[in-house]
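Summary of structural features
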Amino acid sequence: MNIWSYVFRRILYIFPILLGVCLIIFIMFNVVAPDPARVMLGKHASVEQMEQIRRELGLNRSPVVQYIDVVKSAFTFDFGRSWSTKQKISEMISQGIIPSLTISLPSFILSSIIAICISLVVSFFRGKLIDKTIVFACVALMSISSLAYILFGQYFLAFKLGIFEISGYEFPNFLPYVALPVLIWIFLNVGPDVRFFRTIMLDEIYQDYVRTARAKGLSEFKIMFKHVLKNSMISILTYLVIQIPYLILGSLLLENFFSIPGLGSIIVDAINASDFPVLKAMTILGAVGLIFFSVLTDVMYALFDPRARLK
């Protein structure tokens, strides 16, 4: 199959998947969730008041029309207004996405590079003391709650030692405020990333082409970087690309504890205020991002691995 036909076919898959995701989101928020009118007015509201709120929110329309609205918002990114702040949700997202990216993007890039470098080292020294020590450290890092990292960082590193800002955010001088959240994010991600990348690299190390390279007299350094790392990158890139939508949505805990006005904080505020339109918008945004980057991963497979084009 031609590569462009494959890409075109994968792009066409987006539409039925997105319609199915919109149906699930519609059922979650418009069928299963509590009556929004009762949530907003409380249990002492009269029937007339609840009917008026339902008319204002468009909840008295047929389910088909409401589902079409969900689908339309997924394609146009017009999510209406927030129930609690009355602000346009698209404006809230555009204001929150920059603070979220100032934390998530450097954290993601740094933690990925560090994890790949450490994985190469432990794969090279597989079975030896350095390998076992780093794997033990990774398991220890993964076992500690993210809340413990945040509280320790804010109390000891920021409050006691004064190395970082405790909380707050200013743009464009955001570096002092995002340094500690970025550091915590890296500690949270490095453990699982190293374990995953190490497994991929160990699978490659025991392949026949590595034995052939050794038989030809290539150095271990060249084998690790030119052959093992290169062939591991397809699985590593797949793993990393799938994480990108979650970077856009930010971190709920980090943004909330460090008072960073990103999308994570917006989600937490929406949960506290039962702001269904904002929660629905964030769910759609996350689903659209996940679908888009999943297709992008498939396309990258086809570009870097010729075997994928035949499937």
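What comes next concerns the included structure. None of the values given here were measured: they were computed from a predicted structure.

**Re the packing of helix H5 (residues 89–124) against helix H8 (residues 175–205)**
Across the interface, H5 lies against H8 with an axial gap of 6 Å and an inter-helix angle of 35 degrees. For the crossing formed where H5 meets H8, the hand is right-handed. Here the residues of the contact of H5 with H8 sort into 20 nonpolar, eight polar and two charged.

**Comments concerning the packing of aromatic side chains**
Counted under the stated rule, the structure contains 16 aromatic pairs. An angle of 15 degrees between the planes, with centres 6.4 Å apart, marks the rings of Tyr-169 and Phe-174 as stacked. Just as Tyr-169 is buried, Phe-174 falls in that class too. A connected cluster of aromatic rings, assembled from ring pairs, spans Phe-29, Trp-83 and Phe-276.

**Let's talk about the packing of H5 against helix H12 (residues 263–272)**
Where H5 contacts H12, the two axes come as close as 7 Å, and the packing angle between them is 125 degrees. One finds that H5 runs oblique with respect to H12. Touching Met-92, Ile-93, Gly-96, Ile-97 and Ser-100 of H5 are Leu-263, Gly-264 and Ile-266, all from H12. For the contact of H5 with H12, the residue count by class is five nonpolar, three polar and no charged.

**Considerations on the nonpolar core**
Ranked by internal contacts, the top residues of the largest apolar core, which has 37 residues, are Ile-184, Met-201, Val-228, Ile-236 and Phe-258. Of all elements in the fold, only H5, helix H7 (146–160), H8, helix H9 (208–215) and helix H10 (220–248) reach the threshold of two or more residues within this core. With 13 residues, the top contributor of residues to this core is H8. Discounting residues that sit within four places of it in the chain, Val-228 has contacts with Met-201, Glu-204, Ile-205, Tyr-209, Val-210 and Ile-223. In this structure, Ile-89, Leu-263, Ile-267 and Phe-276 belong to the second largest nonpolar core, which totals 31 residues.

**A few points about the layout of surface pockets**
Taken as a whole, the largest pocket spans an internal volume of roughly 720 Å³. Along the walls of the largest pocket sit 30 residues, with Leu-57, Arg-61, Asp-69, Phe-79 and Lys-280 positioned nearest its centre. Listed by contribution, the elements that provide at least two residues to the lining of the largest pocket are helix H1 (3–32), helix H3 (47–57), helix H4 (63–76) and helix H13 (276–304). Of the residues forming the lining of the largest pocket, the biggest block, seven residues, is contributed by H4. For the lining of the largest pocket, the residue count by class is 16 nonpolar, six polar and eight charged.

**Comments concerning a nonpolar patch on the surface**
A contiguous nonpolar surface patch, about 730 Å² in accessible area, is contributed by Phe-152, Tyr-155, Phe-156, Phe-159, Leu-161, Ile-163 and Ile-166. By secondary structure assignment, the location of Ile-166 is in the loop between H7 and H8. Note on Ile-166: relative accessible area 36%, which makes it partly exposed.

Rules behind the numbers
- Residues numbered from 1 in each chain as written.
- Predicted model: local features only at pLDDT ≥ 70, side-chain atom pairs only at ≥ 80, totals over all residues.
- Heavy atoms only, no water.
- Axes fitted to C-alpha atoms, helices over the stretch in contact; angles between N-to-C directions.
- Helix = DSSP H or I, 4+ residues; strand = E, 2+ residues; numbered from the N terminus.
- Left-handed = near helix turned anticlockwise from the far one by under 90°.
- Nonpolar A, V, L, I, M, F, W, Y, C, P; charged D, E, K, R; others polar.
- Phe/Tyr/Trp six-rings, centres within 6.5 Å; stacked < 30°, edge-to-face > 60°.
- Buried < 20%, exposed > 50% of the residue type's maximum accessible area, 1.4 Å probe, protein only.
- Parallel < 35°, antiparallel > 145°, perpendicular 65-115°, else oblique.
- Contact = heavy atoms within 4.5 Å.
- Core = buried A, V, L, I, M, F, W, Y, C linked by side-chain atoms within 4.5 Å.
- 1 Å grid on protein atoms, 1.4 Å probe; cavity = no way out; pocket = protein on both sides within 12 Å on 5 of 7 lines; lining within 4 Å.
- Points joined across faces, edges and corners; volume = space filled by probe spheres on them.
- Patch = residues over 30% accessible without salt bridge, like charges linked within 9 Å, V, L, I, M, F, W, Y side chains within 5 Å.
- Areas by Shrake-Rupley, 256 points an atom, 1.4 Å probe, with all protein chains shown as cover.
- Salt bridge = Lys/Arg side-chain N within 4 Å of Asp/Glu carboxyl O.

These figures capture arrangement, not role.
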